[in-house]
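# Results of the structural survey
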Amino acid sequence: MAISFDEVEVGTELPARSFPVTRDTLVKYAGASGDFNPIHWNEKFALEVGLPDVIAHGMFTMAEAIRVVTDWLGDPGAVVEYGVRFTRPVPVPNDGTGAVIDVTAKVAALLDDRRVRVDLLATTGGQKVLGMSRAVVQLA
C-alpha cells in the first residue's frame, strides 16, 4: 500500500531498523560492487593506514540506511533524491558478531508536488556515521 502525502506530517517517524554487518557481508558487497580496496577486508592494511579496523564500504553504509525509507515506501523508485556525507567509518571486527548500523528516520519537510524530505540518522556503537543524510521521496 502506497504512503499518501495526506497521511504524513513533519515529525512522522519511520520504523527504525538495525542492520548487522560482518566481514562476510563486506566480502559479498566487494564482489557485487567491484570495490576491493584492502581497507574493507585486510585488517593489517587497515591498521597500517590508521583505521581502527577493517571498515564497511561507505556506499554499503549509505545503501543500508536508505532501506529504512524504501521499506516504508514499499517502492524504491519513489526515492527522487538521496545524499549523505560520510562522517565516520563503520569498523567491522572479525569477532563473529561484527558491527550493527542503526538507522532512524523522520519526515523533516513537506515539499511541493506531494514530495517530502526524510532525514535519516545512521549510527554504529552510538556514534553517527552519516551526516546530512536526506532523501526526497514522491508520495501518492
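Preceding block: the structure.
Residues numbered from 1 in each chain as written. Predicted model: local features only at pLDDT ≥ 70, side-chain atom pairs only at ≥ 80, totals over all residues. Heavy atoms only, no water.

## A look at the overall build of the protein
Looking only at helices and strands, one finds three helices and six strands in the protein. If one aligns the C-alpha atoms of the protein with their principal axes, the spans along those axes are about 50 × 30 × 25 Å. Long-range pairs, those at least 24 residues apart, make up 66% of the contacts in the protein between residues at least 6 apart in sequence. Of the roughly 7600 Å² of accessible surface on the protein, 53% is carried by carbon and sulfur atoms. (Helix = DSSP H or I, 4+ residues; strand = E, 2+ residues; numbered from the N terminus. Contact = heavy atoms within 4.5 Å. Areas by Shrake-Rupley, 256 points an atom, 1.4 Å probe, with all protein chains shown as cover.)

## Considerations on the nonpolar core
Counting 35 residues, the largest nonpolar core has Trp72, Val137 and Leu139 as its most contacted members. Among the secondary structure elements, those contributing two or more residues to this core are β1 (13–21), α3 (58–73), β3 (99–110), β4 (115–124) and β6 (130–138). Considering each element in turn, this core owes the most residues, eight residues, to α3. Excluding anything up to four places from it in sequence, valine 137 contacts Val69, Trp72, Leu73, Ala78, Val79, Val80, Arg114, Arg115, Val116 and Val118. (Core = buried A, V, L, I, M, F, W, Y, C linked by side-chain atoms within 4.5 Å. Buried < 20%, exposed > 50% of the residue type's maximum accessible area, 1.4 Å probe, protein only.)

## Some words on the environment of arginine 23
Summarising the element assignment, arginine 23 is placed in helix α1 (residues 23–33). For arginine 23, a relative accessible area of 15% puts it in the buried group. On a C-alpha basis, the gap between arginine 23 and aspartate 75 in space is 29 Å, while along the polypeptide they are 52 residues apart. Not counting residues up to four positions away in its chain, the partners in contact with arginine 23 are Glu43, Asp53, Val54, Val92, Pro93 and Asn94.

## Observations concerning the pattern of salt bridges
Using the criterion set out here, one finds nine salt bridges in the structure. A salt bridge links lysine 28 to aspartate 24; the nearest nitrogen and oxygen atoms lie 3.1 Å apart. Of the two residues, lysine 28 and aspartate 24 are both situated in helix α1; the distance of four residues between them amounts to about one turn of the helix. By relative accessible area, lysine 28 is classed as exposed at 56%. Given the relative accessible area of 44%, aspartate 24 is considered partly exposed. Where lysine 44 meets glutamate 48, a salt bridge forms, and the shortest distance between an N and an O atom there is 2.6 Å. In this pair, lysine 44 and glutamate 48 are both assigned in helix α2 (residues 43–48), four residues apart and thus about one turn of the helix distant. A residue is classified by how much of its surface remains accessible, and glutamate 48, at 55% relative accessible area, is exposed. (Salt bridge = Lys/Arg side-chain N within 4 Å of Asp/Glu carboxyl O.)

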